[in-house]
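Understanding the architecture of this molecule
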Amino acid sequence: QVQLVESGGGLVQAGGSLRLSCAASGSIFSINAMGWYRQAPGKQRELVVTITSGGSTNYADSVKGRFTISRDNAKNTVYLQMNSLKPEDTAVYYCNADIITIVGMWGMDYWGKGTLVTVSS
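The structure displayed is predicted, hence computed values, not measured ones. (Residues numbered from 1 in each chain as written. Predicted model: local features only at pLDDT ≥ 70, side-chain atom pairs only at ≥ 80, totals over all residues. Heavy atoms only, no water.)

**Side note on the pairing of strand β5 (residues 46-51)**
Note the following rule: Here the rule is simple: two strands pair whenever DSSP picks up at least two bridges between them. Counting from the N terminus, the helices are the DSSP runs of H or I reaching at least four residues and the strands are the DSSP runs of E reaching at least two.
Here strand β4 (residues 28-39) runs beside β5; their pairing, made up of five bridges, is antiparallel. Looking at the pairing, R38 lines up with E46 of β5. Two successive antiparallel strands, β4 and β5, enclose a turn made up of six residues, where G42 displays a positive phi of approximately 75 degrees. Hairpin connection between β5 and strand β6 (residues 57-59): a loop of five residues separates the two successive antiparallel strands, and G55 in this loop has a positive phi of roughly 100 degrees.

**Comments concerning the state of the cysteines**
So the rule is basically this: The disulfide criterion is simple: two cysteine sulfur atoms within 2.5 Å. Partly exposed describes any residue whose relative accessible area lies between the buried limit of under 20% and the exposed limit of over 50%, with all areas from a 1.4 Å probe on protein chains only and scaled to the type maximum.
Counted under the stated rule, the structure contains one disulfide. There is a disulfide in this structure between C22 and C95, and the S-S distance comes to 2.1 Å. Linking C22 and C95, the disulfide has an S-S dihedral of approximately -85 degrees and is accordingly described as left-handed. With C22 in strand β3 (residues 18-26) and C95 in strand β9 (residues 91-101), this residue pair connects regions lying 73 residues apart in the sequence. Considered together, C22 and C95 belong to a single accessibility category, that of buried residues.

**Here's the deal with the pattern of salt bridges**
Two side chains carrying opposite charge are able to pair once their charged atoms lie near each other. Condition: When a carboxyl oxygen of Asp or Glu is within 4 Å of a side-chain nitrogen of Lys or Arg, the pair counts as a salt bridge.
Tallied over the full model, the rule gives three salt bridges. Residues D89 and R38 are paired through a salt bridge, measuring 2.9 Å at the closest nitrogen-oxygen approach. Of this pair, D89 sits in the loop between β8 (77-82) and β9 while R38 is found in strand β4, placing the two residues 51 residues apart along the sequence. For D89, a relative accessible area of 2% translates into the label buried. Judged by relative accessible area, R38 falls into the buried class, the value being 6%. For R66, the salt bridge identified is with D89, shortest N-O distance 2.8 Å. Here R66, found in the loop between β6 and β7 (67-72), pairs with D89, found in the loop between β8 and β9; they are 23 residues apart in sequence, far enough to count as distant.

**Points about the sheet that holds strand β1 (residues 2-7)**
Selection rule: For helices, the fitted line uses only the C-alpha atoms of the stretch in contact; every axis is such a line through C-alpha atoms, and the angle between N-to-C directions lies from 0 to 180 degrees.
Spatial strand order, β1-β3-β8-β7: four strands in an open sheet with antiparallel pairing. Edge positions in the sheet fall to β1 and β7, since each has one partner strand and no second. Here the average twist between neighbouring strands, direction ignored, is 15 degrees. Pairing of β7 with β8, which is carried by six bridges, proceeds in the antiparallel orientation. Within the sheet, the bridge partner assigned to F67 lies in β8 and is M82.

**Here's the deal with the environment of S120**
Worth spelling out the cut-off: It only takes one pair of heavy atoms within 4.5 Å for two residues to be counted as in contact.
Considering the arrangement of structural elements, one finds S120 in strand β11 (residues 115-120). Using a relative accessible area of 28% as the deciding quantity, one classes S120 as partly exposed. For the pair S120 and N58, spaced 62 residues apart in sequence, the C-alpha to C-alpha distance is 27 Å. Excluding its chain neighbours within four sequence positions, the residues that come into contact with S120 are L11, V12, Q13 and A14.

**Focus on a nonpolar patch on the surface**
Here is the rule: Patches in this entry comprise residues that are over 30% relatively accessible and not in a salt bridge; like charges within 9 Å are linked, as are nonpolar side chains (Val, Leu, Ile, Met, Phe, Trp, Tyr) within 5 Å. Surface exposure here means Shrake-Rupley accessible area, sampled with a 1.4 Å probe, where a residue is shielded only by the protein chains that are shown.
Where nonpolar side chains cluster on the molecular surface, the patch consists of F29, I102 and V103 and spans about 390 Å² of accessible area. One can find I102 in the loop between β9 and β10 (108-111).

Structural measurements only, silent on function.
Here's what the structure looks like:
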């Protein structure tokens, strides 16, 4: 079994910062890409940023220059540093990882339960 546990969400004023963390645990053989997605009320879930096992990143235009993703492969953890937050960033943020388990033959997508980020104006 594999579990993703997120932390770091909360309430912040516009212009402020938050740092999200997501730790993967369980019967993990290797982790391919990891990423962050978000979903605002009444809207479709959208990609925020992804990072490959080698460190290559892909940011949504709406967050480029403000958000930074990083990962610690030894800890199976991915981070999202969010600066200059805007009210439009308000959403539930979900951690995602493509993971090969010790009993599996190929990678499968796993999702965290989400952490709420609220940015007040």
